[in-house]
Amino acid sequence: MAYPVAGKKVLITGASSGLGAALARGLAGREAVVGLIARRQDRLAEVLADCRRTSPESAMWAADLADTAALHDLALGAWDALGGIDVLVNNAAMPKRRPVAALEPDEVEHVMRVNFVAPMRLTLALLPRMLARRSGMIVNVSSVGGRLPIIHESAYCASKFALCGWSEAVAVDLHGSGVSVKLIEPGPVDTEIWDHPGSEEPLYRGPKVPAAEVAEGIIEALGSDRIEHYVPDLRAVVDAKNADLDAFVAGAAAMGRS
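As recorded in an unreviewed UniProt entry, the chain goes by Short-chain dehydrogenase and comes from Mycobacterium palustre. Word for word, the UniProt comment on the chain under Sequence similarities (unreviewed entry) is "Belongs to the short-chain dehydrogenases/reductases (SDR) family."

Have a look at this one:
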């Protein structure tokens, strides 16, 4: 069953480019009111201008999600400005492609703040109001990197594994409350995350899915009864890893060396 998007208030992080921007445009095109959060104000303003063509009440907040102490007030301010939030989409993420022996602890902690702590804080800020209303949806955009170990991506994978575990446990706690959880596991998406400053060149050279295609998959998932959604469907790879972790680790390492 399709989720009735028109008129819904949707708050999206990481909305200035890539998947977040595509999702914002796709939802606004279906007449949802979108609230956009990202660090780059100029890029965010461009996305907002596009969204306002079909959703004039949409709004934006320029914020650095690594500043986690500010996120509670940001979330409640967005709720008040939009007149409530029906769907929170925790989409913002950053990589840190580097062999684990070359990582600094502060770098790993920064990745964790953006990719896990920020979604956690935004969720906990909005959850009491959603529960009081007995309706709402938390959409956590993880990654197949939240189910699979990726070479030179230990910080990223740690953050995404954490987001997966958090999502599953939160779904258990909220079952029957009127507030639902969706866990999205995108594969390789054609976004700027591959060219992130401070990260090594990616070893992956395979095909990438257009951001707009993954955004459509997320919008479709909003109306699903299922919690977890692979976009595109790479569940078979995850199942193979779970069937024999030792073989998967050895194989992934060999591919990295080649």
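Enquirer: Give me the pairing of strand E1 (residues 9-13): which residues, what numbers.
Expert: Burial analysis of E1 places five of its five residues in the buried class, which makes it a mostly covered element. Residues of E1 alternate between two faces, with Lys9, Leu11 and Thr13 on one and Val10 and Ile12 on the opposite face, all of them buried. Taken together, the five bridges between E1 and strand E2 (residues 33-38) define a ladder with parallel strand orientation. What sits directly across from Ile12, in E2, is Leu36.

Enquirer: Go over the packing of helix H1 (residues 18-29) against helix H6 (residues 211-221), please, and point to the residues and values.
Expert: The relative placement of two packed helices comes down to the angle between their axes together with the axis-to-axis distance. With their axes 8 Å apart at the nearest point, H1 and H6 run at an angle of 55 degrees to one another. As the angle between them shows, H1 and H6 are arranged oblique. Where H1 crosses over H6, the two elements pack in a sense that is right-handed. In this structure, H1 contributes Gly18, Leu19, Ala22, Leu23, Gly26 and Leu27 to the contact, and H6 contributes Ala211, Ala212, Val214, Ala215, Ile218 and Ile219. For the contact of H1 with H6, the per-class residue count stands at 10 nonpolar, two polar and no charged.

Enquirer: Explain unusual backbone geometry to me, using residue names and the numbers behind them.
Expert: Going from Val231 to Pro232, the amide bond is cis rather than trans, its omega being -5 degrees. Inspection of the secondary structure assignment puts Pro232 in the loop between strand E9 (228-231) and helix H7 (235-243). Positive phi, normally seen in glycine, also occurs at Glu31, with a value near 75 degrees. Topologically, Glu31 is positioned in the loop between H1 and E2. Taking relative accessible area as the criterion, Glu31 reaches 52% and is therefore assigned exposed. For His152, which is not a glycine, the phi torsion comes out positive at approximately 65 degrees. Structurally, His152 is set in the loop between strand E5 (136-141) and helix H5 (154-174). Residue classification places His152 among the partly exposed residues on the basis of a relative accessible area of 26%.

Enquirer: Residues and numbers for empty space enclosed by the protein, please.
Expert: Applying the stated rule across the entire model yields one cavity of 30 Å³ or more. Looking at the largest cavity, the residues that line it are Thr13, Leu65, Asn90, Asn91, Ala92, Val114, Ala118, Pro119 and Leu122. If one sorts the elements of the lining of the largest cavity by residue count, helix H4 (residues 105-133) sits on top with four residues.

Enquirer: Can you lay out the packing of aromatic side chains for me, pointing to particular residues and giving the numbers?
Expert: Scanning all chains against the criterion turns up one aromatic pair. Their ring planes at 85 degrees and their centres at 6.0 Å tell us that Phe116 and Trp166 sit as a pair that is edge-to-face. Here Phe116, found in helix H4, pairs with Trp166, found in helix H5; they are 50 residues apart in sequence, far enough to count as distant.

Enquirer: Explain the nonpolar core to me, and be specific about the residues and the numbers.
Expert: Ranked by internal contacts, the top residues of the largest apolar core, which has 36 residues, are Ile12, Leu27 and Leu36. Breaking this core down by element, the ones donating at least two residues are E1, H1, E2, helix H2 (41-52), strand E4 (87-90), E5 and H6. It is H1 that contributes the most residues to this core, seven residues altogether. Contacts of Leu36, omitting those with residues within four sequence positions, involve Ile12, Ala15, Ala24, Leu44, Val47, Leu48, Cys51, Ala59, Met60 and Trp61. Within the second largest apolar cluster, 29 residues are counted, among which are Val33, Ala92, Ala118 and Val179.

Basis of the calculations
- Residues numbered from 1 in each chain as written.
- Predicted model: local features only at pLDDT ≥ 70, side-chain atom pairs only at ≥ 80, totals over all residues.
- Heavy atoms only, no water.
- UniProt positions renumbered as here; feature names shortened; annotations may be inferred.
- Buried < 20%, exposed > 50% of the residue type's maximum accessible area, 1.4 Å probe, protein only.
- Helix = DSSP H or I, 4+ residues; strand = E, 2+ residues; numbered from the N terminus.
- Pairing = 2+ DSSP bridges.
- Axes fitted to C-alpha atoms, helices over the stretch in contact; angles between N-to-C directions.
- Parallel < 35°, antiparallel > 145°, perpendicular 65-115°, else oblique.
- Left-handed = near helix turned anticlockwise from the far one by under 90°.
- Contact = heavy atoms within 4.5 Å.
- Nonpolar A, V, L, I, M, F, W, Y, C, P; charged D, E, K, R; others polar.
- 1 Å grid on protein atoms, 1.4 Å probe; cavity = no way out; pocket = protein on both sides within 12 Å on 5 of 7 lines; lining within 4 Å.
- Points joined across faces, edges and corners; volume = space filled by probe spheres on them.
- Phe/Tyr/Trp six-rings, centres within 6.5 Å; stacked < 30°, edge-to-face > 60°.
- Core = buried A, V, L, I, M, F, W, Y, C linked by side-chain atoms within 4.5 Å.

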